[in-house]
Amino acid sequence: MSKQYDAIIIGAGIIGAAIGLELARRGWKTLNVDKNGAAGFGSTSNSSAIIRTYYSTLDGTAMAYEGYHYWRDWAKYVGIEDESGLAQFRECGCLVMKTEHNGYLEKAMQLSNELGIPHEELNAEQIQAWLPGADLRLYAPAKRPDQEGFAEPTEGEIQGAVRWPRGGYVTDPQLATHNLQRAAEAVGGKFRFYAEVIEIRQANGRVCGVTLKEGEQIDAPVVVNVGGPHSSKINALVGLNERMKMSTRALRQEIPYVTPPQNFDYAKLGMITSDGDIATYSRPASGGMMLLGSEDPDCDAKEWVDADEMDRNLTEHAMTHIIRMAQRLPELGIPNQVRGVVEAYDVTEDWIPIYDKTDIPGYYIAIGTSGNQFKNTAVAGKMMATLITACEAGQDHDRDPVQYTMEYLGRTVSIGFYSRNREINQDSSFSVLG
Ligand SMILES: Cc1cc2nc3c(=O)[nH]c(=O)nc-3n(C[C@H](O)[C@H](O)[C@H](O)COP(=O)(O)OP(=O)(O)OC[C@H]3O[C@@H](n4cnc5c(N)ncnc54)[C@H](O)[C@@H]3O)c2cc1C
């Protein structure tokens, strides 16, 4: 016997759980299905979970600043008790180096001014106060270890940075997803695990449900693809990939954890750093460690992968990130053995997500989160719920884009910005920075 819901959300990662929650809060009978065994066990579990308020576009920046407020008020947003506790947002701030490549952050500061996002400019001396012992010589352009000049300074020095105090990281992204699951369940939302969708069924010109691997059919007039790095595989079930201008692909990432430099009190001073000159970002991690990630420099070949067959072992890439960070922080120890995680982003051509309807009535997509949408969780959930509700009530979003008014900023934005059929956004950084 098939079961009936108002909406089936494929995926119970942080974005899928938020969409389930927001629809359930609007009275929808929702079901999140996930092939994993628990919420947030997909790419969310290995997210760096950095919450920052600087982006390349006005819409991206506004969404990030709006998203920040929900993390700041997480208990209020979740609104219930979770027996596992609530995820913690550590507001340690973000320090971003000014480089030629990022236009010395002029545009990011202008966007921050426009949106009233607090920030302060730092000169070289002030950078040293936050990063004692930093070697501020320039190393750009980033190079691979097999290229001449790797780890050797080029000409000049970092002259300044910008510190955005409203930012930090979420200590446990999986727990945050569990919080959303519990919040959704509190208003009637359901979750099914170990449930892999292998078919999206259609009848009478619209979706009508999904079929699970074991053959079980579940019915709903609305199906939402929130499959993370599996998004293109799910779209392939309905032949959608060829019918959108944008596409999504899984991009492999290595995230090493290292012991922070011993020459300063990292527990006290440690914050998010984003350093385009050495193409590396960092953040404090549990156990007093420092987490490192790549800012995807041109010299590094992109590892496009099949999300089901990705090699989850760290390779020399993780060591490259560590050596790049040690260019800036010479006191950083280079470990003999590297620890860390391997995960995939779900990347679009312009590294901006797709939050949209499709040309199949009832089929929606929240995909292509490009390594930068964890921070936007609540906003993405609310935007998708607004979009789905409006489209199901008859609005033609492709011709008359649905608008969304942000609750904290009071700003109204067009959800059409995230269209599957947009032109590539040339304002993007074309990297994980969005
Ligand atoms: C290494 C890394 C670092 C990141 N760092 C940051 C950061 O610092 N800040 C930031 O804002 N963002 C960051 N991100 C991005 C952010 O984590 C993601 O955008 C977000 O977690 C995606 O959530 P999701 O729910 O869309 O996808 P996922 O968490 O990947 O969830 C998708 C789910 O779909 C399920 N699924 C797939 N196919 C099927 C199927 N056929 N049937 C049933 N279930 C299926 C999977 O099992 C999975 O659980 C990072 C991402 C990565 C990978």
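Scroll up to find the structure this text is about.
Visitor: Requested: an account of the packing of aromatic side chains, with residues and values cited.
Guide: Following the criterion strictly, the structure yields 13 aromatic pairs and no others. Ring geometry for phenylalanine 191 versus phenylalanine 193: centroids 6.2 Å apart, planes at 25 degrees, classification stacked. Classification of phenylalanine 191 as buried rests on a relative accessible area of 13%. Through pairs of rings, three or more aromatic residues link up here, namely Tyr70, Trp71, Trp74, Tyr77, Phe374 and Tyr408. Residue placement shows lysine 29 over the ring face of tyrosine 5; its charged tip is 5.5 Å from the ring centre.

Visitor: Quick one: what's the story with the pattern of salt bridges, residue by residue and with numbers?
Guide: Enumeration over the complete set of coordinates arrives at 31 salt bridges. Each member of the salt-bridge network shares a partner with another, and the members are Asp356, Lys357, Asp396, Asp398, Arg399 and Arg420.

Visitor: Could you give an account of the site of the ligand, naming the residues involved and the relevant values?
Guide: In the region of the ligand, 37 residues are neighbours, and Asp34, Ser43, Thr44, Thr369 and Lys375 sit closest. For the shell around the ligand, the elements supplying multiple residues, two or more each, are α1 (14-25) and β20 (339-347). Looking at the shell around the ligand residue by residue, the class counts come to 15 nonpolar, 17 polar and 5 charged.

Visitor: Lay out the pairing of strand β18 (residues 289-294) in plain terms, naming residues and giving numbers.
Guide: Among the 6 residues that make up β18, 6 are buried, leaving the element largely enclosed by the rest of the structure. Residues Met289, Leu291 and Gly293 line one face of β18 and the alternating positions Met290, Leu292 and Ser294 line the opposite face, and both faces are buried. As paired elements, strand β15 (residues 249-258) and β18 share 2 bridges and run antiparallel to each other. Each residue of the ladder has a partner; that of valine 258, found in β18, is methionine 290. Sheet topology places strand β17 (residues 280-285) next to β18; 6 bridges connect them, and they run antiparallel. Paired with alanine 285 across the two strands is methionine 289, which belongs to β18.

Visitor: Please provide a residue-by-residue account of the side chain of arginine 52, values included.
Guide: Residue placement: arginine 52 occurs in the loop between β4 (50-51) and α2 (58-72). Look at arginine 52: it is buried, it has no salt bridge, and the nearest opposite charge is glutamate 295 at 7.4 Å. Polar contacts involving the side chain of arginine 52 include one to the main-chain carbonyl oxygen of tyrosine 54, which spans 2.6 Å. A polar atom in the side chain of arginine 52 sits 3.3 Å from the backbone oxygen of valine 432. When near neighbours in sequence (up to four residues on either side) are disregarded, arginine 52 contacts Ala64, Cys94, Asn372, Lys375, Val432, Leu433 and Gly434.

Scoring rules and cut-offs
- Residues numbered from 1 in each chain as written.
- Predicted model: local features only at pLDDT ≥ 70, side-chain atom pairs only at ≥ 80, totals over all residues.
- Heavy atoms only, no water.
- Phe/Tyr/Trp six-rings, centres within 6.5 Å; stacked < 30°, edge-to-face > 60°.
- Buried < 20%, exposed > 50% of the residue type's maximum accessible area, 1.4 Å probe, protein only.
- Lys NZ or Arg CZ within 6 Å of the ring centre and 35° of its normal.
- Salt bridge = Lys/Arg side-chain N within 4 Å of Asp/Glu carboxyl O.
- Near = heavy atom within 4 Å.
- Helix = DSSP H or I, 4+ residues; strand = E, 2+ residues; numbered from the N terminus.
- Nonpolar A, V, L, I, M, F, W, Y, C, P; charged D, E, K, R; others polar.
- Pairing = 2+ DSSP bridges.
- Lys, Arg positive; Asp, Glu negative; His and termini not counted.
- Polar contact = N/O pair within 3.5 Å; in protein donor to acceptor, adjacent residues only side chain to side chain.
- Contact = heavy atoms within 4.5 Å.

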